[in-house]
Amino acid sequence: MTDTATQIQTQISDNSVVLYMKGTKEMPQCGFSSKVAGVLNYMGVEFADVNVLADETIRQGIKEFSDWPTVPQLYVKGEFVGGCDIITEMTLSGELDTLFAENGVTFDKDAADKIREANA
Amino acid sequence: MPMQAKDIEDLIRETFPNAAITITDLAGDGNHYAAEVIDESFKDKNRVQQQRAVYAALKGKMDGSHGELHALALTTKVPE
């Protein structure tokens, strides 16, 4: 593995939920990153954010690591879950709740239900 | 250089000749598109695998700051 791949592997091993994004969870700098970070924040999920704009090697490295050309990218328990479109679909279908529950990730079920009600 | 909806469809079509492909220009700027691809080959693949296959068909057009395509909202489905 390259140094960058090792660094990414450490990040996704050390944190249950990691979001690779443009900007930070407090200040996202892209609409797609903002959307996913917004969902996680609203659902009260504790996650590590990695700002790819702050590190060009990670920005390129994460695309190769995941074999996925775009950011944001969500990892749960070391597994790549998807980008913005997949996370949106999974949030609305309830699959994201299931994934978090199965992996012992704490989240606010009522908040998740509210997102679904608002988008029904 | 913005891409036309037709160019995107043609690229996806090369890999998925029998797919139902719908491209929508979200912002009217030739830069933000939504693509829905419905294809039999997606059967038995999860969403990540389905979308990886579509990204592969786009041959690097999505590659960040150097890519011609800034934003493509992807939806992939198996025919019902």
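The shown structure was predicted, so the numbers you read here are calculated from the model rather than taken from an experiment.

Trainee: Whenever I open this one, the sheet that holds strand β3 (residues 71-77) of chain B confuses me. Can you help?
Mentor: Strands pair in a sheet through their backbones, by hydrogen bonds, and they do so in one of two ways: parallel or antiparallel. Residues and elements named next belong to chain B. On the basis of which strands lie adjacent, the open sheet formed by three strands has the order β1-β2-β3 and mixed pairing. Two strands lie at the open edges of the sheet, namely β1 (20-25) and β3, each paired on one side alone. Sheet twist, expressed as the average angle between the axes of neighbouring strands with direction ignored, equals 15 degrees. With six bridges joining them, β1 and strand β2 (residues 32-38) adopt antiparallel strand pairing. By the bridge assignment for β2, T24 is matched with A34. Lying on the sheet, helix α1 (residues 5-15) is in contact with β1 and β2; it crosses β1 at an angle near 155 degrees.

Trainee: Even after reading the chapter, I still don't get the confidence of the model for chain B, so can you show me in this structure?
Mentor: Of the residues in chain B, 91% have a pLDDT of 70 or more, and the chain-wide mean is 88. Reported confidence for the predicted complex is 0.81 by ipTM and 0.89 by pTM.

Trainee: Looking at this structure, I do not really get the sheet that holds strand β1 (residues 17-21) of chain A. What am I missing?
Mentor: All names here are of chain A. Spatially, four strands are ordered β2-β1-β3-β4 in an open sheet, and the strand pairing comes out mixed. Pairing within the sheet leaves two strands with one partner each, and these edge strands are β2 (48-51) and β4 (79-82). In this sheet, adjacent strand axes meet at a mean angle of 25 degrees when their direction is disregarded. Of the strands in this sheet, β1, β2 and β3 (73-76) are in contact with helix α2 (residues 31-42), which crosses β1 at around 160 degrees.

Trainee: Help me out: how do you make sense of the packing of helix α1 (residues 3-14) of chain A against helix α3 (residues 56-66) of chain A in this one?
Mentor: The angle between the axes and the distance between the axes are what describe a pair of packed helices. All names here are of chain A. It is the contact of α1 with α3, at a shortest axis distance of 9 Å, that shows an interaxial angle of 80 degrees. Here α3 runs roughly perpendicular to α1, going by the angle between their axes. Touching T4, A5 and I8 of α1 are T57, I58, G61, I62 and F65, all from α3. Per-class residue counts for the contact of α1 with α3 are five nonpolar, three polar and no charged.

Trainee: What am I meant to see in the environment of I23(B) here?
Mentor: With respect to the helices and strands, I23(B) occurs in strand β1. Setting aside anything within four residues of it in sequence, one finds I23(B) in contact with A5(B), I8(B), E9(B), Y33(B) and A35(B).

Trainee: Sorry, what's going on with the interface of chain B and chain A here?
Mentor: Frequently, the measure chosen for interface size is the accessible area that the parts lose on association. Between chain B and chain A, the contact holds ten residues from the first and eight residues from the second. Listing elements by their share of the side of chain B that touches chain A, those giving two or more residues are α2 (47-57) and β3 of chain B. For the side of chain B that touches chain A, the element with the highest residue contribution is α2(B), accounting for five residues. Taken together, the residues of the side of chain B that touches chain A break down into five nonpolar, two polar and three charged.

Trainee: Explain the nonpolar core here, please?
Mentor: Across soluble globular proteins, nonpolar side chains have a tendency to be buried as a group. With 31 residues, the main nonpolar core has V18(A), L19(A), Y20(A), V36(A), L40(A) and I87(A) as its most contacted residues. Broken down by secondary-structure element, the contributors of at least two residues to this core are α1, β1, α2, α3, β3, α4 (84-93) and α5 (95-102) of chain A. M3(B), Y33(B), V54(B) and L72(B) belong to the second-largest nonpolar core, a separate cluster that totals 15 residues.

Trainee: Is there a simple way to think about α4(A) in this case?
Mentor: Helical periodicity: at 3.6 residues per turn, an α-helix aligns residues three or four positions apart in one direction. Turning to α4(A), its buried residues are C84(A), D85(A), I86(A), I87(A), T88(A) and T91(A). One or two steps after α4(A), the chain reaches G94(A), where phi turns positive at roughly 90 degrees.

Trainee: Honestly, the pairing of β4(A) in this entry has me stumped. Any pointers?
Mentor: A regular strand carries its side chains on alternate faces of the sheet. Pairing analysis gives three bridges linking β3(A) to β4(A), with the strands arranged antiparallel. Directly across from L74(A), in β4(A), lies its bridge partner G82(A).

Trainee: Can you help me understand unusual backbone geometry in this one?
Mentor: The residue after V71(A), namely P72(A), is reached through a cis peptide bond having omega 15 degrees. Unlike most non-glycine residues, D67(A) shows phi in positive territory, near 55 degrees. In this fold, D67(A) is placed in the loop between α3 and β3. You can call D67(A) exposed: it has 11 C-beta atoms within 10 Å. Unusually for a residue other than glycine, D44(B) sits at a positive phi of about 65 degrees. With respect to the element layout, D44(B) can be found in the loop between β2 and α2. Since 7 C-beta atoms lie within 10 Å of it, D44(B) is described here as exposed.

Here is what the cut-offs are and how they apply
Residues numbered from 1 in each chain as written. Chains lettered and ligands numbered in written order. Predicted model: local features only at pLDDT ≥ 70, side-chain atom pairs only at ≥ 80, totals over all residues. Pairing = 2+ DSSP bridges. Helix = DSSP H or I, 4+ residues; strand = E, 2+ residues; numbered from the N terminus. Axes fitted to C-alpha atoms, helices over the stretch in contact; angles between N-to-C directions. Contact = placed C-beta atoms within 7 Å. pLDDT = per-residue confidence, 0-100. Parallel < 35°, antiparallel > 145°, perpendicular 65-115°, else oblique. Nonpolar A, V, L, I, M, F, W, Y, C, P; charged D, E, K, R; others polar. Core = buried A, V, L, I, M, F, W, Y, C linked by C-beta atoms within 7 Å. Buried ≥ 20, exposed ≤ 12 C-beta atoms within 10 Å, placed from the backbone.

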